[in-house]
Every structure is written in C-alpha cells, then in structure tokens.
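If you want the building blocks of each chain, they are given just below.
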Amino acid sequence: LKGNMLHKALPPLLLVRAGIDYVLVRIRNFFKPIPDDNFENWVVKRFGRTLYEVFFGMYTRKAWGIPCTQISADWASQRISLLSLWDTVKKTLLKPKNTPRTYVSKFLYPKTGGIGELCLGYERLIERDGGKVICGAKVTRLETDGGRVTKVIYDSPDGEQVHEPELLVSTLPLTMVVPMMSSSAPAPVQGAVEGLTHKGIVFVYLKIDRPQLTPDHWIYIPEEHIAVHRISEFTNFSKDCAPEGQTMVCAEITSTHGDHYWQSSDEELLELAASNLIELGLLNEGDVQPGGFVRRVDYAYPIYDLTYRGHVKTLLDWLKGFSNMVSTGRQGLFRYGNM
C-alpha cells in the first residue's frame, strides 16, 4: 500500500465500505475479541475485512502460495507498520507533502554498483586486514567434536577442501546446516528441520529503453492472474545504476524449486515478465532491450506457518550447544528481516 495513494486511488464506495467494515469489526472485537492467531485475523482485526482483501489477503496468498489462515500473525506484526484504519488515515490524509510514499523515509544505498557493493566493501576490508574471501565454494559437510565445529568441508574448482575454523559464522539456511553436521542430531531436531519450509524467487531483470518506468522503486502486484508479484527499479535509488536514458527493472516471481516457473527457460521468463508489465500498462511494446537475464534463489522467504516458531527455537537451541558456531542472517535465523 503506497501511503498517500489510499484516498486518491480507491473508489468512494470502496472507502465507505472499508469504513463500515472497520466500525463493525471494532464493535465485534469489543464483545468477542478476535484472536491474533493467524495473519488473516491479525489484519482483519485492525483494518476490517474490505481493506484486508484489497491490500493484504490477495497479495499474501499469491506471494506465499498458502491460505492466510495458515500464516503466523508474526508475519503481520513484523511487516505491517500501520496499526489500525485510523492510523492509516492519519498517515495518508494528514501526511505532509513531498514525503516518501513509504514507511522507510531514509536509508543508505551505494551510488554505484548496486546493493552488491556492500558485499564488495566487506571483501575489501577483509583482504585489507589479511583475510581471504573464497567464492564459488559449496559447503558440503561440517564435522564436530566435543561441542565444537572442527572442520568445514567444501568443494572448490581445485577439488574438496577442508578448513578448521576457530569461529564459524554461518548464514546457511537452518534446514541445510543441521543435516550437514556430522553429529547425530536428536529426533526433535530432525523433526524441526522437516517442519520448516521456504519459498523461492525467480528474479527477471529487464533492460528498458526509457529513463524511468515509474517514480516508485517497489510496486506490489496483487492480481493473482499476473505471474509477477513485485517490481523494483534501481535507478530510482541511483541514476548511476544504468546508462543515461535507460533503466532496469527487476520483476519478481515467487516460485518453488522444481515448479513451472522455476523450470521455465530464461527466454520464457523474460517474455512472461515483459508481457505482464505491458498488460499492467507499465511497459509499451518495444521498450524492452536485449540483454535481460534471470536469477533463481531457493531460500528467499522463510515461510511463517502456524508452527514455525517452535521449530526455529528447537534448531537454534541445539546449535547454541556448539561453542564456536553462530547461526545468523535471514536464513540462519529463519527470520524475514530487511537488509
């Protein structure tokens, strides 16, 4: 929901219906409180049924691929900053002019190099202090002894390698790192691994022969017949992200390893994303230039189902038993956090 678009874009009758729904749900909640036991209830309780369906339910079902009643309320409390319809009205109708249409009003972004420049900055500092960064190495096994991780075994272009760490900071997904450990994990830990799931994303990058597609960096697309669920335009952060007079758009499609979108060819995905944006009126025929590309990410969204919290606690508690290991990051904590 783009802040000050609420009162400009919604039809008057829909606004009236949203207001009536909100009043009715507040009355109902006064006499019979709605439990915050899943995503749908959490949002309906604070916004009413109409705004839930328009802005939250449809998009969330599309992005996660499961009913909103099966998603934990934790997802809503972490990701939705507005606490009620009245709070929404205050932050939209009464919002000062010329302020960003988002709840994030200020953040740092590299002038050149895109967000990957952060990782390259880490690499420069590590190498400056005598460290070594090894890329293209796939960790296959962790050996442990006496409550410590003693060996990291990984594949490299030169064959299998072994590293003996003093301290291991792991950002591997919890569901990957536990099976890698040679220690025999107890049954509850193995069960917790099986109880957690992720949603992947197919990122489709389109080169556009226009200086700008939209003035917004992120646009969320809830329509379920459209494959793309979100687009990002990097030149809205820094004009140095593309040649003058051109822009690049990333179209995201939530996917699961092995499903239809995951197995589609890059050419099919590039064509699909472009046709979706043309259908939405964001692109014109002929705007897309050659040179687009696709990236697939397995562990993009940790799925907050109704039982995830207990499984995460079981895994993190077990890993804390290894004195020289820290599990962190989105995948290593199974936590959807902003970068």
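In case you missed it, the structure is sitting above this.
Residues numbered from 1 in each chain as written. Predicted model: local features only at pLDDT ≥ 70, side-chain atom pairs only at ≥ 80, totals over all residues. Heavy atoms only, no water.

### Some remarks on helix 2 (residues 12–31)
To keep things clear, this is the line we draw: Only DSSP runs of H or I with at least four residues qualify as helices, and only runs of E with at least two residues qualify as strands; both kinds are numbered from the N terminus onward. A helix is expected to span 1.5 Å for every residue after the first. Burial classes follow relative accessibility: with a 1.4 Å probe on protein chains only, a residue under 20% of its type's maximum area counts as buried, one over 50% as exposed, and anything between as partly exposed. In this description, one arc is meant: the one made by directions from the helix axis to the C-beta atoms.
Its 20 residues place the ends of helix 2 29 Å apart at the C-alpha level, agreeing with the 28 Å of an ideal helix rising 1.5 Å per residue. Taken together, the buried positions of helix 2 are occupied by Leu14, Ala18, Asp21, Tyr22, Val25 and Asn29. For helix 2, the buried positions fall inside an angular range of 105° around the axis, keeping them on one side. Within helix 2, the exposed residues directed more than 90 degrees away from the buried face are Pro12, Leu13, Leu24, Phe30 and Phe31.

### Some words on unusual backbone geometry
Phi is mostly negative for residues that are not glycine, and the peptide bonds are mostly trans. The phi dihedral of Phe334 is positive, around 50°, even though this residue is not glycine. In this fold, Phe334 is placed in the segment after helix 13 (329–333). Overall, Phe334 belongs to the buried group, its relative accessible area being 2%.

### Side note on the packing of aromatic side chains
Operational definition: Here a pair means two rings of Phe, Tyr or Trp (six-membered ring of Trp) with centres within 6.5 Å. Their orientation is stacked below 30 degrees between planes, edge-to-face above 60, and tilted elsewhere. Only when the NZ of Lys or the CZ of Arg is both within 6 Å of the ring centre and within 35 degrees of the ring normal is a charge said to sit over the ring.
Summed over all chains, the structure comprises 16 aromatic pairs. Relative to Tyr336, the ring of Trp75 has its centre 4.9 Å away and its plane inclined at 85°; by these criteria the two rings are edge-to-face. With Trp75 in helix 5 (residues 73–79) and Tyr336 in the segment after helix 13, this residue pair connects regions lying 261 residues apart in the sequence. Pairing Trp318 with Phe322 gives two aromatic rings, centres 5.2 Å apart and planes at 80°, and the pair type is edge-to-face. The pair Trp318 / Phe322 is uniform in exposure class, with both members buried. Three or more aromatic residues joined by ring pairs form one cluster here, namely Trp64, Trp75, Tyr301, Tyr304, Tyr308, Phe334 and Tyr336. For Arg46, the ring lying beneath its charged end belongs to Trp42, and the centroid distance is 4.0 Å. Lying over the aromatic face of Tyr336, Arg330 brings its terminal NZ or CZ to 4.1 Å of the ring centre.

### With respect to the sheet that holds strand 7 (residues 230–233)
Threshold: By definition, two strands form a pair when at least two bridges between them are found by DSSP. To get an axis, a line is fitted to the C-alpha atoms, and for a helix only the part in contact is used. The angle between two axes follows their N-to-C directions and goes from 0 to 180 degrees. Note on definitions: a residue-residue contact is assigned when non-hydrogen atoms from the two residues lie within 4.5 Å.
With respect to topology, five strands assemble into an open sheet ordered 6-7-8-5-9, the strand pairing being antiparallel. Single-partner strands in this sheet number two, and they are strand 6 (218–220) and strand 9 (288–302). Adjacent strand axes in the sheet meet at a mean angle of 20° when their direction is disregarded. Of the pairings in the sheet, the one linking strand 6 to strand 7 comprises three bridges and is antiparallel in character. Looking across to strand 7, one finds that Trp218 is bridged to Ser232. Against the sheet, helix 11 (residues 266–279) makes contact with strand 5 (198–208), strand 7, strand 8 (247–255) and strand 9, and its axis sits at roughly 75° relative to strand 5, the strand it touches most.

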